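In case you want the letters, here they are:
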Amino acid sequence: MLAKRIIPCLDIDRGRVVKGIKFEDVQDAGDPVEVARKYDAQGADELVFLDITASVDDRPTLFQTVEAVAREIYIPLTVGGGVRNCADVRALLSAGADKVSINTAAVDNPDFVSEAGERYGVQCIVVAIDAKRVSKKKEAPRWEVFTHGGRKATGLDAIEWARNIVQKGAGELLLTSIDRDGTKGGYDLELLRAISDAVSVPVIASGGVGNLEHLYEGLTTGGADAVLAASIFHQGTYTVGEAKQFLAAKGVLVRS
Amino acid sequence: MAAIGIIDYGMGNLHSLGKALERVAGNGRVVISYDPEELLKCDRLVLPGVGGVRECMKELQRLELNQLVVEAARSKPMLGICLGMQVMLEWSDENGGVPALGLFPGRVSRFPDPPEDGSPNRLKVPHMGWNRVRQVRPHPMWQGVPDNAWFYFVHSYHAVPSNPEHVLGVTDYVHEFASAIARDNIVAFQFHPEKSQNHGMTLLANFTQWDPA
């Protein structure tokens, strides 16, 4: 049977790994190649790189980073951040990415996802959804899609958007709760469950992991196919191996 | 010097496959090419592939590589990976049905779509992630690879070879399917050895050493 995946996430800013809290207040967390090599050795199932560099001028730095990492590790590598058109997708795949994550450009032009999927195969097209809970207390839960690192509201309902973009050709969804990101309070399980149930493709849970129980909840209560975490691994609170042992002991199938 | 040719028909990322083969090939040279002449000079060939089967067959035909694959498959050690495995069957149901290279009798079918009721534990398509391969018959490819080892998969279609003797390994997803097939000097994997860490590297190393004669 298919194993649940544990995916360390590396936020990349001008060639360095960083970790922000609620998409702001960024701290340095190391050299991407060293960090990637460490997680590969620990048994990470995949790696995700999100380029959070604001300036387009720094794109070549990202390609160099991706190339350097892809030379070192033999597990799947997803790269996202600033992917706007098929030329960007192609450049990242050529640099050594196995999958490309599209966020803002998918909202601006959903047909881009179809085009990229047709050209490069849907298996390498991940759509990142950053969602924020917008319902008031006692209302039925509702989440809205945000872009631009969580700063710009789109008016799109997150569940409806997830369904639509999968129909357009997204091969996988990377779902981040903006409310939880960096809080260490756990995933937004209600959001995760709603999206995971709404689509036929794998969902990666992101945003809010503070301990191993949170990973377990995401994969069980939340119904995620994979869990993504950054700070618990970067800060050395847990290794990927420890996370897998914990999950396996609770009956979750992980790659050993 | 021995050369391994990766058949480049313009689909997918051959970067990671190329560097993985370079790492295990020792003194062997790795050639990535769409030139039939160049490829025929290689001692062994790899047919990789991602994307849709119709486009894949169209590009192989346009570059006159389909004949090369069929001919080379008579003598040279050949390795198919992912879509490169699927086009080795006779027919694929993908893209409304496409005739393929026919190196193995049988067809390629889609996994059933998960029910839309959001039931827990329903199996999603694509089959994406790490799954085990049970070795159903001995083969030099398996040397140093433990039975039920984990490999990385990404696919929505899978091979259904009609000759059970061609099945080398099976994987369980929705139902059991053939994840590794082989006959004579051809071997093919549905999973990506170049993305499957140590066991994947062992398989690629075994292929570079394989002497089917």
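For the structure itself, look to the data block above.
Not measured: the values here are computed from a predicted model.

A. Inspection of the environment of Tyr238(A) at higher detail. Residue and element names in this part refer to chain A. With respect to the helices and strands, the residue Tyr238 is situated in the loop between α9 (231–234) and α10 (240–249). The sequence separation of Tyr238 and Ile102 amounts to 136 residues, and the corresponding C-alpha distance is 29 Å. Apart from the residues within four sequence positions on either side, Tyr238 is in contact with Gly210, Asn211, Leu212, Ile232 and Phe233.

B. Just helix α1 (residues 15–24) of chain B, in detail. Most of α1(B) sits inside the fold, with seven of its 10 residues counted as buried. Among the residues making up α1(B), those that are buried are Ser16(B), Leu17(B), Gly18(B), Lys19(B), Ala20(B), Leu21(B) and Val24(B). Packing partners of the buried residues in α1(B) comprise α2 (59–72) of chain A together with β1 (3–7), β2 (29–33), β3 (44–47), β4 (78–81) and α6 (197–209) of chain B. Positive phi appears at Gly26(B), one or two residues downstream of α1(B), with a value of about 60°.

C. Geometry of the interface of chain B and chain A. Contacts between the two partners involve 32 residues from chain B and, on the opposite side, 40 residues from chain A. In terms of surface lost to chain A, no three residues of chain B exceed Lys124(B), Met128(B) and Trp130(B), which account for 23% of the buried area on that side. With a shortest N-O distance of 3.3 Å, Asp225(A) and Lys124(B) are connected by a salt bridge. Linking chain B with chain A are 15 residue pairs in polar contact (both at pLDDT 80 or more), by the criterion used here. Residue assignment for the side of chain B that touches chain A shows that the elements contributing at least two residues are α1, β8 (127–135), β9 (149–155), β11 (167–173) and α6 of chain B. Looking at the side of chain B that touches chain A element by element, the count peaks at six residues for β8(B). Its residues assigned to classes, the side of chain B that touches chain A shows 14 nonpolar, 10 polar and eight charged.

D. Highlighting the packing of helix α3 (residues 86–95) of chain A against helix α5 (residues 110–120) of chain A. Residues and elements named next belong to chain A. Packing of α3 against α5 brings their axes to within 10 Å, and their N-to-C directions diverge by 40°. Taken as axis vectors, α3 and α5 run oblique relative to one another. Judged by the twist between their axes, the crossing of α3 over α5 is right-handed. Contacts from Cys86, Val89, Arg90 and Leu93 of α3 reach α5 at Phe112, Glu115, Ala116, Arg119 and Tyr120. In the contact of α3 with α5, the residues fall into six nonpolar, no polar and three charged.

E. Fine view of the sheet that holds β4(B). Residue and element names in this part refer to chain B. Ordered in space as β2-β1-β3-β4-β13-β12-β11-β8-β9, the nine strands form an open sheet in which the pairing is mixed. Two strands bound the open sheet, and with one partner strand each, they are β2 and β9. Across this sheet, the average inter-strand angle for adjacent strands is 25°, counted without regard to direction. Here β8 pairs with β9 via seven bridges, running antiparallel.

F. Layout of the side chain of Ser156(B). Following the sequence through the fold, Ser156(B) ends up in the loop between β9 and β10 (157–161). Contacts of Ser156(B), omitting those with residues within four sequence positions, involve Ser109(B), Arg110(B), Phe111(B), Val125(B) and Pro126(B).

G. Here's a closer look at the side chain of Asn185(B). Residues and elements named next belong to chain B. Structurally, the position occupied by Asn185 is in the loop between β12 (175–183) and β13 (186–189). Here Lys76 takes part through its backbone oxygen, which lies 2.4 Å from a polar atom of the side chain of Asn185. Excluding its chain neighbours within four sequence positions, the residues that come into contact with Asn185 are Ala72, Ala73, Arg74, Ser75, Lys76, Pro77, Met78, Trp210 and Pro212.

H. Region of interest: the packing of α1(B) against α6(B). Residues and elements named next belong to chain B. Where α1 meets α6, the axes come as close as 9 Å, and the angle between the chain directions of the two elements is 65°. It follows that α1 is roughly perpendicular to α6 by the angle criterion. Read as a crossing pair, α1 and α6 show a hand that is right-handed. Contact residues: α1 offers Ala20, Leu21, Arg23 and Val24, while α6 offers Met201, Leu204, Ala205 and Thr208.

I. Just the state of the cysteines, in detail. Considering all chains together, one arrives at zero disulfides over all chains under this definition. Cys124(A) provides the cysteine sulfur closest to Cys9(A), a residue in no disulfide bond, and the two sulfurs are 19 Å apart. In this structure Cys42(B) is not part of a disulfide, and its nearest cysteine sulfur, from Cys56(B), lies 19 Å away. Residue classification places Cys42(B) among the buried residues on the basis of a relative accessible area of 3%.

J. Inspection of the pairing of β3(B) at higher detail. All names here are of chain B. Here β3 shows no split at all, with Arg44 and Val46 on one side and Leu45 and Leu47 on the other all buried. Here β1 pairs with β3 via three bridges, running parallel. In the strand pairing of β3, Ile6 is matched with Val46. Pairing of β3 with β4 involves three bridges; the strand directions are parallel. Looking at β4, one finds that Leu47 is bridged to Gly80.

K. The arrangement of the sheet that holds strand β7 (residues 106–110) of chain B in detail. Residue and element names in this part refer to chain B. The strand order across the open sheet built from four strands is β6-β5-β7-β10, with neighbouring strands paired in mixed fashion. A single partner strand is all that each edge strand has here, and the edge strands are β6 (98–99) and β10. Pairing of β7 with β10 involves five bridges; the strand directions are antiparallel. Paired with Ser109 across the bridge in β10 is His158.

The rules we used
- Residues numbered from 1 in each chain as written.
- Chains lettered and ligands numbered in written order.
- Predicted model: local features only at pLDDT ≥ 70, side-chain atom pairs only at ≥ 80, totals over all residues.
- Heavy atoms only, no water.
- Helix = DSSP H or I, 4+ residues; strand = E, 2+ residues; numbered from the N terminus.
- Contact = heavy atoms within 4.5 Å.
- Buried < 20%, exposed > 50% of the residue type's maximum accessible area, 1.4 Å probe, protein only.
- Buried area = accessible area lost by both parts, 1.4 Å probe.
- Salt bridge = Lys/Arg side-chain N within 4 Å of Asp/Glu carboxyl O.
- Polar contact = N/O pair within 3.5 Å; in protein donor to acceptor, adjacent residues only side chain to side chain.
- Nonpolar A, V, L, I, M, F, W, Y, C, P; charged D, E, K, R; others polar.
- Axes fitted to C-alpha atoms, helices over the stretch in contact; angles between N-to-C directions.
- Parallel < 35°, antiparallel > 145°, perpendicular 65-115°, else oblique.
- Left-handed = near helix turned anticlockwise from the far one by under 90°.
- Pairing = 2+ DSSP bridges.
- Disulfide = S-S within 2.5 Å.

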